[in-house]
Every structure is written in C-alpha cells, then in structure tokens.
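# Structural description and commentary
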Amino acid sequence: VQLQASGGGLVQAGGSLSLSCAASGRTFNAYAAGWFRQAPGKEREFVAAISWSGGTTTYADSVKGRFTISRDKVKNTVYLQMSSLKPEDTAVYYCAAGPRLGAATMWEPSDMNYWGKGTQVTVSS
C-alpha cells in the first residue's frame, strides 16, 4: 500500500482545510486508516482514525468537534476535514494505514503499517 497525502497549506485561525490521502493498492480498503501530526520539536501524535469499513471513527480530544475523518472506498481515499483551525494545529500531517480489518482506535504511530509523506498545515493567528 502506498499513500499520498495532499491538501495542506496556510490558513488563518478559524479557517478550514481539507486533507486527502490517496492510496494505491487494492487492499487499502481492508485496512483501518488514520491521520497523525507532528509539530516542530514534538513527537508524532494521533489525530483521527476510521475503521476499515468506514463505520466508526475516533478523534483526539484536541480536535474532537472540529475535525472529521471519512473515506471513499471507490476512490481509495481517506479525508480529513478540518475546521475552526487554531495555531496549535500547525504541524506536518501524515496519513497511515493501520491494522487490517481494524477498528477505529487511538493508535500509537508504531501500530501503523504504512505511511504517506506528510503535508504541511500552517495556521496563522
């Protein structure tokens, strides 16, 4: 499975951005998927997860109510819709494929099987 994240950019606080993670490989739809982020000088942290079926989602408390993760199995793509962005959301965002036939869980980075290259999100105050 190969993953390619896109959609990052510069936005003012309170604004919105939508990230996409396009996957190659027909088996991607059998994997749970998630988004992580890493700010300068900090460890990579969990942001959101979606089950392999797309039926359940989980979010970090810091983004709950502001971010929405979804997936389109026809397009082999996972999305992260971000709204009410804050300067502390500034980070490189990574998509990842998690456990095969997995549920949506607050994973550690070590739980993930495949990673895409990150996309920078910068929120100005």
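Before reading on, note that the structure itself is shown above.
A brief look at the structure comes next. (Residues numbered from 1 in each chain as written. Predicted model: local features only at pLDDT ≥ 70, side-chain atom pairs only at ≥ 80, totals over all residues. Heavy atoms only, no water.)

### Some details on the pairing of strand S11 (residues 119–124)
Applied cut-off: Burial classification: accessible surface area is computed with a 1.4 Å probe over protein chains only, and a residue below 20% of its type maximum counts as buried, one above 50% as exposed, and the rest as partly exposed. Where helices and strands are cited, they refer to DSSP runs of H or I of at least four residues and of E of at least two residues respectively, numbered from the N terminus. Whether two strands pair depends on DSSP finding at least two bridges between them.
On S11, burial follows the alternation: Thr119, Val121 and Val123 on one face are buried, whereas Gln120, Thr122 and Ser124 on the facing-out side are not. Across 4 bridges, the pairing between strand S2 (residues 9–12) and S11 is parallel. Bridging across to S11, Val11 finds its partner in Val123. Where strand S9 (residues 91–100) meets S11, 3 bridges bridge the pair, whose relative direction is antiparallel. Opposite Ala91, over in S11, you have Val121 as the bridge partner.

### Observations concerning the sheet that holds strand S1 (residues 2–6)
What counts, and what does not: Only the stretch in contact is used when a helix axis is fitted, and all axes are lines through C-alpha atoms; the angle between N-to-C directions ranges over 0 to 180 degrees.
Read from one edge to the other, the open sheet built from 4 strands follows the order S1-S3-S8-S7, with strand pairing classed as antiparallel. Each edge of the open sheet carries a strand with a single partner, namely S1 and strand S7 (67–72). Between one strand and the next, the sheet's axes are offset by a mean angle of 15°, whatever the strand orientation. Relative to strand S8 (residues 77–82), S7 runs antiparallel, the two sharing 6 bridges. When the sheet's bridge partners are listed, Asp72 is paired in S8 with Thr77.

### Focus on the nonpolar core
Test applied: Residues grouped as a nonpolar core are buried Ala, Val, Leu, Ile, Met, Phe, Trp, Tyr and Cys residues, joined through side-chain atoms within 4.5 Å. Note on contacts: a residue pair is in contact if any heavy atoms of the two residues lie within 4.5 Å.
Core analysis: the biggest nonpolar cluster contains 38 residues, and Trp35, Leu80, Met82 and Tyr93 have the highest contact counts within it. If you list the elements that add at least two residues to this core, you get S1, strand S3 (17–24), strand S4 (31–38), strand S5 (45–50), S7, S8, S9 and S11. Here Leu80 is in contact with Leu17, Ser18, Leu19, Trp35, Val47, Ala48, Phe67, Thr68, Ile69 and Tyr93, once residues within four sequence places are set aside.

### Things to note about unusual backbone geometry
Although it is not a glycine, Asn76 adopts a positive phi angle of roughly 55°. A relative accessible area of 15% means that Asn76 is categorised as buried.

### Describing the environment of Lys73
Inclusion rule: Counted as a polar contact is a pair of N or O atoms within 3.5 Å, where, for protein atoms, one must be capable of donating a hydrogen and the other of accepting one, and residues adjacent in sequence contribute only when both atoms are in side chains.
In this structure, Lys73 sits in the loop between S7 and S8. Its relative accessible area of 30% is what places Lys73 among the partly exposed residues. When the C-alpha atoms of Lys73 and Trp52 are compared, they prove to be 9.6 Å apart, with 21 residues separating the residues in sequence. Contacts of Lys73, omitting those with residues within four sequence positions, involve Asn29, Trp52 and Ser53. Looking at Lys73, its side chain comes within polar contact range of the main-chain oxygen of Trp52, at 2.5 Å.

### Observations regarding the pattern of salt bridges
Worth spelling out the cut-off: Salt bridges are defined as contacts in which a side-chain nitrogen from Lys or Arg sits within 4 Å of a carboxyl oxygen from Asp or Glu.
In total, this model carries 4 salt bridges according to the counting rule given. Across the pair Asp61 and Lys64 runs a salt bridge, and its minimum N-O distance is 3.1 Å. Residue Asp89 pairs with Arg66 through a salt bridge whose shortest N-O separation is 2.7 Å. Here the residue Asp89 occupies a position in the loop between S8 and S9, and Arg66 occupies one in the loop between strand S6 (57–59) and S7, the gap between them amounting to 23 residues. Accessibility assignment for this pair places Asp89 and Arg66 in one class, buried. Members of the salt-bridge network, linked through shared partners, are Arg37, Glu45, Arg66 and Asp89.

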